[in-house]
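Take a look at the letters that make up each chain.
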Amino acid sequence: MSPQTAKKKSAKKKTVTKKTTKRRVAASTNDVKPKLYASLVVQLLSLLKDEHDFVANAANFSALLFNSLPNVNWAGFYFLKGEELVLGPFQGNPACVRIPMGQGVCGVAARQLETIIVPNVHEFPGHIACDVASNSEIVVPLFDGERLLGVLDLDSPLIGRFDDQDAEGLNELVTVFVAHEEGLE
Ligand code: SME
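Residues numbered from 1 in each chain as written. Predicted model: local features only at pLDDT ≥ 70, side-chain atom pairs only at ≥ 80, totals over all residues. Heavy atoms only, no water.

**Some remarks on the pairing of strand E5 (residues 136-144)**
Link 1 in the chain: Burial within E5 is extensive, with 7 of its 9 residues counted as buried.
Link 2 in the chain: In this sheet, strand E6 (residues 147-156) lies alongside E5 in antiparallel orientation, the contact comprising 9 bridges. Following the sheet pairing, glutamate 137 is matched in E6 by aspartate 155.
Link 3 in the chain: Between E5 and E6, which pair antiparallel in sequence order, lie 2 residues; one of them, glycine 145, sits at a positive phi of approximately 65°. (Buried < 20%, exposed > 50% of the residue type's maximum accessible area, 1.4 Å probe, protein only. Helix = DSSP H or I, 4+ residues; strand = E, 2+ residues; numbered from the N terminus. Pairing = 2+ DSSP bridges.)

**A few points about the site of the ligand**
Link 1 in the chain: In the vicinity of the ligand there are 13 residues, among which Val105, Cys106, Ile128, Glu137 and Asp155 approach most closely.
Link 2 in the chain: Between an oxygen atom of the ligand and a main-chain N or O atom of valine 105, the distance comes to 2.9 Å.
Link 3 in the chain: Contact distances for the ligand include 2.9 Å between an oxygen atom and a backbone N or O atom of cysteine 106.
Link 4 in the chain: When the ligand is considered free in solution it has 300 Å² of accessible area, and contact with the protein chains removes 100% of it. (Near = heavy atom within 4 Å. Polar contact = N/O pair within 3.5 Å; in protein donor to acceptor, adjacent residues only side chain to side chain. Areas by Shrake-Rupley, 256 points an atom, 1.4 Å probe, with all protein chains shown as cover.)

**Quick notes on the environment of leucine 47**
Link 1 in the chain: Position of leucine 47 among the secondary structure elements: in helix H1 (residues 3-48).
Link 2 in the chain: Between the C-alpha atom of leucine 47 and that of phenylalanine 61, which follows or precedes it by 14 residues, the distance is 7.9 Å.
Link 3 in the chain: Discounting residues that sit within four places of it in the chain, leucine 47 has contacts with Asn57, Asn60 and Leu64. (Contact = heavy atoms within 4.5 Å.)

**Some points on the side chain of asparagine 120**
Link 1 in the chain: As for its position among the elements, asparagine 120 is in the loop between strand E4 (116-118) and E5.
Link 2 in the chain: Looking at asparagine 120, its side chain comes within polar contact range of the main-chain nitrogen of histidine 122, at 2.9 Å.
Link 3 in the chain: Dropping the residues within four chain positions of it, asparagine 120 is found in contact with Asn135 and Ile159.

**Comments concerning the state of the cysteines**
Link 1 in the chain: As enumerated under the stated definition, the model contains 0 disulfides in all.
Link 2 in the chain: The structure places no disulfide on cysteine 106, whose sulfur is separated from the nearest cysteine sulfur, that of cysteine 96, by 7.4 Å. (Disulfide = S-S within 2.5 Å.)

**As for the packing of aromatic side chains**
Link 1 in the chain: Applying the stated criterion across every chain, the model contains 8 aromatic pairs.
Link 2 in the chain: What links up through ring pairs into an aromatic cluster is the set Phe54, Phe61, Phe77, Phe79 and Phe177. (Phe/Tyr/Trp six-rings, centres within 6.5 Å; stacked < 30°, edge-to-face > 60°.)

Okay, here's the thing in C-alpha cells:
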C-alpha cells in the first residue's frame, strides 16, 4: 500500500468514527426531555393527591413547572371566562389579566384549540408582551372533555426553547391535571 493510499484510508475511518459519536450524543440528548416530563407527571400526581381544589392545584402545578423546567421565566394559566381568557395561578412577573379570544399567542391557541409553539415571539403577529425577557413561548389548551377550560402558557428568555417534546410532555401533564379535578364549573 502506498503511503498516500494509507493516508486516505485512515482519513475515511476517522470520518466514520466521528459520525458514530455524534449519533450517540444526539440519542442521549433526545432522552432528556421525555425523562424530565415523566418525572414531572409523578411529581404532579403526588402534589394533586387528596386535594381537589382547582385553584390550589393549578397554583402548585405552575410552581412545579416554573421550578423544574430550565430556562422558563413565566409559567401559568389563563382560564376561559365568556369570550376572554383571564389570568389564573402563575409563577413569574405580573402579567396582563385579560386576553380576548383570538389575540396574542394564548388567544390564538384557545381559538384554534391547539398547542402553539412560538420559537421567536418577536416574529408572531399580535404577540402580547408581558415580560420583556420573553423570547419564545408555548401555549397548551386545557380541555374538560370537548370543552375548552383555558390555556397553560410558558415563556422563555431563549429563542427556540420549546419543541415537540415539550408540547407532548406538557399536554400529558395538563391531561393528568384536568382528569384529577372534580366538579369543574
Ligand atoms: N405572551 C402571551 C401573553 C401572556 S404572557 O406571556 C404571560 C400572548 O401573546 O398571548
